[in-house]
Amino acid sequence: MNVGPSILRRRMCVAVLALAVALGLPSCRRAVERAQRDIAVERVVEVARLGSAGAAVTLRVRNDSRRTLRLDEARFELYLAGGLAAEFLLHEPVRVEPRTTTDCRSIWRVKVEDPMAYYALQRRIRAGAGDRIEISVHITGRGGGVPVKISRERMPLSEFLNTFGVTIEDLENFLEE
């Protein structure tokens, strides 16, 4: 499937936001608060198309923690009305050194089985209607010497975003840029 640059950018916006959130997705409330304070994606530097089903996403990431963050594998699945609309797969590991602010490049593979379902997903996000959108998250990595394995099945997108102080309106505004 050949995908134009603007469509790919819209697809990658969701993946970028998910990557940002994934860097600080521990289950403990205190750890989440600490991660929100110490780890942040400050901005999207660049989204570049790689062929017809991938992209390189460069983010400015701040890691004020004492630990090196490493994201080894990541898969985000977005569902609309119960059906899979898109899947985002991290192609190469991502590493952020402790106490740094750096441009972090990640390579993502985008899989869309049903282009119409993905189009409907984009329209709902742009309209600020996050209901009926769910996300599954599967992540493995390390925070310093501690292995991290996170798996959440089909949680509402709004709940996933709210955990990190992001709203569906923020995502909508990001898609419109």
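Counting restarts for each chain, with residues numbered from 1 along the sequence as it is written. Confidence filtering applies because this is a predicted model: local features only for residues at pLDDT of at least 70, side-chain atom pairs given and counted only at 80 or more, and all residues used for totals across whole chains, interfaces and linings. Hydrogens are left out, water is left out, and the side-chain values use all remaining heavy atoms of the structure.

Chemist: Can you break down the overall build of the chain residue by residue, with the values?
Modeler: Numbering goes from the N terminus for both helices and strands, where a helix is a DSSP run of H or I of at least four residues and a strand is a run of E of at least two. On a plain count of helices and strands, the chain comes out with five helices and eight strands. Here the chain holds 177 residues, and the buried ones make up 46% of them. Here, two residues are considered to be in contact whenever any of their heavy atoms come within 4.5 Å of each other. Restricting to contacts in the chain with at least 6 residues of sequence separation, those with at least 24 account for 64%. A 1.4 Å probe and the Shrake-Rupley method give the accessible areas. Residues count as covered only by the protein chains that appear here. Accessible surface, the chain: about 9,000 Å² in total, of which carbon and sulfur atoms supply 46%. Type-normalised accessible area, obtained with a 1.4 Å probe on protein chains alone, sets the label of each residue: buried when under 20%, exposed when over 50%, and partly exposed for intermediate values.

Chemist: Summarise the pattern of salt bridges; cite the residues concerned and give the values.
Modeler: A carboxyl oxygen of Asp or Glu within 4 Å of a side-chain nitrogen of Lys or Arg is what we treat as a salt bridge. Overall, the coordinates contain eight salt bridges when judged by the stated rule. When the shortest N-O distance is used, the salt bridge between E87 and R75 registers 3.5 Å. Taken together, the residues span a long stretch of sequence, with E87 in strand β4 (residues 83-90) and R75 in strand β3 (residues 69-80) at a distance of twelve residues. R75 gets classed as partly exposed once you look at its relative accessible area, which sits at 28%. A cluster of three or more residues bridged by salt bridges with shared partners is formed by R75, E77, E87 and K111.

Chemist: I'd like a rundown of the packing of aromatic side chains, residues and numbers included.
Modeler: The relative placement of two aromatic rings is captured by the distance of their centres and the angle of their planes. Stacked, tilted and edge-to-face are the three classes assigned to paired rings of Phe, Tyr and Trp, where Trp is represented by its six-membered ring and a pair needs centres within 6.5 Å; plane angles under 30 degrees give stacked, over 60 edge-to-face, the rest tilted. Evaluated as defined, the whole model comprises one aromatic pair. Aromatic side chains F76 and W108 sit 5.9 Å apart centroid to centroid with 40° between the ring planes, which places their arrangement in the tilted category. With F76 in strand β3 and W108 in strand β6 (residues 100-111), the pair connects residues that are 32 residues apart, well separated along the chain. Looking at W108, the relative accessible area reads 2%, which means it is buried. Whether a charge lies above a ring is judged from NZ of Lys or CZ of Arg, which has to be within 6 Å of the ring centre and within 35 degrees of the ring normal. Above the ring of Y79, the side-chain terminus of R154 is found at 3.8 Å from the ring centroid.

Chemist: How would you summarise the environment of L80 if you had to cite specific residues and measurements?
Modeler: Its location among the elements puts L80 in strand β3. Remark: the alpha-carbon pair of L80 and Q122, spanning 42 residues in sequence, is separated by 10.0 Å.

Chemist: Could you give an account of the confidence of the model for the chain, naming the residues involved and the relevant values?
Modeler: Scored between 0 and 100, pLDDT is the confidence that the predictor attaches to each residue. Taken as a whole, the chain shows an average pLDDT of 78; of its residues, 73% reach a score of 70 or greater. Model confidence for the chain, summarised as mean pLDDT per element, is weakest for helix α1 (residues 5-22) at 55 and strongest for strand β5 (residues 94-96) at 92.

Chemist: Describe the side chain of S65, naming the residues involved and giving the relevant values.
Modeler: Along the chain, S65 turns up in the loop between β2 (54-63) and β3. The exposure class assigned to S65 is buried, which follows from its relative accessible area of 11%. Between N or O atoms, a polar contact is any pair within 3.5 Å; within protein, one atom must be a potential hydrogen donor and the other a potential acceptor, and residues adjacent in sequence are included only when both atoms are from side chains. Within the structure, S65 has its side chain in polar contact with the side chain of N63 (distance 2.5 Å). Those residues within four positions of S65 in sequence are excluded, and the remaining contacts are D38, P98 and R99.

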